[in-house]
Amino acid sequence: MRNIVSTLQDPSLVCRFQSYFGVIKLAEVENDKKYSWVATEVKGKYAEIEKDSTENHNGIRSSKIKDVSNGNGHVCTEDTKEKNQNIVYYRISNKFWYHLFLLGSLLGHEAWYAFVYSFLFWNVDGSVGRRVMLVGNFLFYIGQGLKDVIRWPRPPMPPVVRLEQRWAAEYGMPSTHAMMALSLPMSVIIFTINTPYVWVWVTIGSFWCVVVCCCRLYLGMHSVADVLAGLGVAAFLLLFTIPIAEYGDYFLLTSPLAPIVTLILSVLSIIYYPGSYKWTPARGETTYIIGGYFGTQLGCWLNYQLGILHPASDPSHVILQPLLLQFLLSLARVVLGLLLIGCIRAVVKPVSFQIGCFLLRTDKQTLQQQEFHLKNKKKLVVDLFCKFVTFSAIGFGITFVSPLVFQLLGCDRTSYWTEI
């Protein structure tokens, strides 16, 4: 068993996957062993890299490369050598796979999750949105926590070419991208299994899962073991979280104690997050999801308590609208809703950060200039407070504010108010 795991963790598997899909590694330039490695894309022919008497053992002088950019598409400056960075030069030979797998990476971003959840509420079914978000909340928290408990590093660069840096500071096992890519589509399919459009979710979910899992290897962010473990853990947890979401949703929607219970559990899960011996972004990313879930649940609960959300008097009576009109109304809700969410985030984020600084009696400018570190408690607390409050406000806007605005403007989905 240990040999199988070691084989699946082998970075050479990732290298072969990258090479097959068009990531061609040209050279490895080590300037100083004390410094980290960066990946730099070489555009044009390899021969265009200038050489002179100070070139290194690979025959490349790192400070004289014409027209290069890093894996995120930003133009690299020519002071790379002064920064003593070690460089892996690569070329993308197939732009189709490059852009497809970059899209796959975006499908694991918290902004994408926010869009998917809001789309479910605004255009699909509010009861499905509540259940799917509860499942996603459970799985993301467990996956991120496992990373900081297991503490397995990501595939090393070199030999791997790491084309993405956003999550590079986190540990790799298991891949939460893979976990969410399986759990979110699967939970949507399960909760809409009796609807005529379930085949749409099967098609979208299959594409989503495959592209996201493959992109983690293509971008050099995970080993094969990380991805398979993520899929396995997600499949196992779905056996428990699906029934919990199915039977717990009614309590969370109708009980007067639901917001208090949800808030206490949310705060405790952030405080007692299973962190590691060093700071990683995992705790902050998890706080995004927890805050978003609390906000959406609070909005749904308030809708029910105010009588806005109520059982349908005649479930068999459905008002059908022309297909084109449904599409235009859906598009209007998405555009208006995203604009509203953007406004909420723009207002709440700086205000909540300022409130956090005030509560801890610290200066905002000083705190923003400091680096994240486990010993810097004030920065950590303010950062987590800001993220929780901001995404709670966004979640509340998705399920409470936006539907009321849609109703006011005449573009609401009338069945939303009866989806219990």
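Rules of the game
- Residues numbered from 1 in each chain as written.
- Predicted model: local features only at pLDDT ≥ 70, side-chain atom pairs only at ≥ 80, totals over all residues.
- Heavy atoms only, no water.
- Helix = DSSP H or I, 4+ residues; strand = E, 2+ residues; numbered from the N terminus.
- Buried < 20%, exposed > 50% of the residue type's maximum accessible area, 1.4 Å probe, protein only.
- Contact = heavy atoms within 4.5 Å.
- Areas by Shrake-Rupley, 256 points an atom, 1.4 Å probe, with all protein chains shown as cover.
- Phe/Tyr/Trp six-rings, centres within 6.5 Å; stacked < 30°, edge-to-face > 60°.
- Expected span 1.5 Å × (residues − 1).
- Patch = residues over 30% accessible without salt bridge, like charges linked within 9 Å, V, L, I, M, F, W, Y side chains within 5 Å.
- Salt bridge = Lys/Arg side-chain N within 4 Å of Asp/Glu carboxyl O.
- Core = buried A, V, L, I, M, F, W, Y, C linked by side-chain atoms within 4.5 Å.
- pLDDT = per-residue confidence, 0-100.
- Axes fitted to C-alpha atoms, helices over the stretch in contact; angles between N-to-C directions.
- Left-handed = near helix turned anticlockwise from the far one by under 90°.
- Nonpolar A, V, L, I, M, F, W, Y, C, P; charged D, E, K, R; others polar.
- Polar contact = N/O pair within 3.5 Å; in protein donor to acceptor, adjacent residues only side chain to side chain.
- Pairing = 2+ DSSP bridges.
- Arc of directions from axis to C-beta.
- Parallel < 35°, antiparallel > 145°, perpendicular 65-115°, else oblique.

Per the secondary structure count, the protein chain includes 13 helices and four strands. Across the 420 residues in the protein chain, those meeting the buried criterion constitute 48%. Counting only contacts in the protein chain whose residues sit at least 6 apart along the sequence, the fraction spanning at least 24 positions is 80%. In the structure as shown, the protein chain presents an accessible area of about 21000 Å², 66% of it carried by carbon and sulfur atoms.

So, on to unusual backbone geometry. Note on backbone geometry: most residues besides glycine have negative phi, and most peptide bonds are trans. Residue M157 is joined to P158 through a cis peptide bond whose omega torsion reads -15 degrees. With an omega of 15 degrees, the peptide bond between P158 and P159 qualifies as cis. Here P159 shows up in the loop between helix 5 (126-150) and helix 6 (176-191). We note that R151 has phi near 60 degrees; this positive angle belongs to a residue other than glycine. Among the structural elements, R151 can be located in the loop between helix 5 and helix 6. We classify R151 as partly exposed; its relative accessible area is 35%.

Turning our attention to the packing of aromatic side chains. On inspection of all chains with the given rule, the structure shows 20 aromatic pairs. Measuring from ring centre to ring centre gives 6.1 Å for F115 and F119, while their planes differ by 35 degrees; the resulting arrangement is tilted. With F115 and F119 both in helix 4 (residues 110-124), this residue pair falls four residues apart, about one helical turn. Given a relative accessible area of 26%, F115 falls into the partly exposed group.

Okay, helix 6 next. The periodicity of an α-helix, 3.6 residues per turn, causes residues three or four places apart in sequence to face the same way. In this model, helix 6 (16 residues) spans 22 Å end to end at C-alpha, consistent with the 22 Å of a helix rising 1.5 Å per residue. Of all 16 residues that make up helix 6, 14 are buried, and the element is covered over most of its length.

For the rest of this paragraph, the subject is a nonpolar patch on the surface. Among the surface-exposed residues, F251, L257, I260, V261, L263, I264, L265, V267, L268, I271 and Y272 lie close enough to one another that they form a single nonpolar patch of about 1000 Å² accessible area. The dominant element in the nonpolar patch, judged by the number of residues it contributes, is helix 9 (residues 258-271), at eight residues. Examined against the element boundaries, F251 turns out to sit in helix 8 (residues 224-254). You can call F251 partly exposed: its relative accessible area is 39%.

Looking now at the pattern of salt bridges. Summed over all chains, the structure comprises four salt bridges. For D249, the salt bridge identified is with R131, shortest N-O distance 3.3 Å. Of this pair, D249 sits in helix 8 while R131 sits in helix 5, placing them 118 residues apart in sequence. Of the two residues, D249 and R131, both sit in the buried class. The network of salt bridges with common partners includes R130, R131, E246 and D249.

What follows deals with the nonpolar core. Ranked by size, the top nonpolar core spans 72 residues in total, and within it V132, L163 and Y218 carry the most contacts. Residues L26, V29, V38 and I87 belong to the second largest nonpolar core, which totals seven residues.

Another point: the confidence of the model for the protein chain. Across the protein chain, the average pLDDT comes to 80, with 84% of residues at 70 or higher. The model gives residues 47-82 a pLDDT under 50, and that stretch makes 60 contacts with residues more than four places away or in other chains.

For the pair helix 6 and helix 8, the least separation of the axes is 8 Å and the interaxial angle reads 35 degrees. As helix 6 packs across helix 8, the resulting crossing turns out to be right-handed. Here helix 6 contributes A178, M179, L182, S183, M186, S187, I190 and F191 to the contact with helix 8, which in turn contributes V227, G230, L231, V233, A234, A235, L237, L238, I242, A245 and E246. A class-by-class count of the residues in the contact of helix 6 with helix 8 yields 15 nonpolar, three polar and one charged.

Okay, the side chain of S127 next. By secondary structure assignment, the location of S127 is in helix 5. Within polar-contact distance, the side chain of S127 engages the side chain of D125 at 2.4 Å. If we ignore the near neighbours within four places in the chain, the residues touching S127 are E419 and I420.

The next subject is the pairing of strand 2 (residues 37-42). Burial runs high along strand 2: five of the six residues are buried. In this structure, strand 2 lies alongside strand 4 (residues 86-92), joined through five bridges in parallel fashion. Note that in strand 4 the partner of V38 across the bridge is I87.

Before going further, it helps to examine helix 2 (residues 11-20). By the burial criterion, the buried members of helix 2 are V14, F17 and Q18. Angular distribution of buried residues about the axis of helix 2 spans 100 degrees; they occupy a single face of the element. Opposite the packed face of helix 2, turned more than 90 degrees from it, sit the exposed residues R16 and Y20. At its buried positions, helix 2 is contacted by strand 1 (23-29) and helix 7 (198-218).

On the secondary structure map, D383 appears in helix 13 (residues 377-409). Classification of D383 as buried rests on a relative accessible area of 15%. Separated by 31 residues in sequence, D383 and S352 place their C-alpha atoms 9.4 Å apart.

Packing of helix 2 against helix 7 brings their axes to within 8 Å, and their N-to-C directions diverge by 105 degrees. Viewed along their axes, helix 2 and helix 7 adopt a mutual orientation that is roughly perpendicular. Between helix 2 and helix 7, the residues in contact are V14, F17 and Q18 and C214, L217 and Y218, respectively. Split into classes, the residues belonging to the contact of helix 2 with helix 7 amount to five nonpolar, one polar and no charged.

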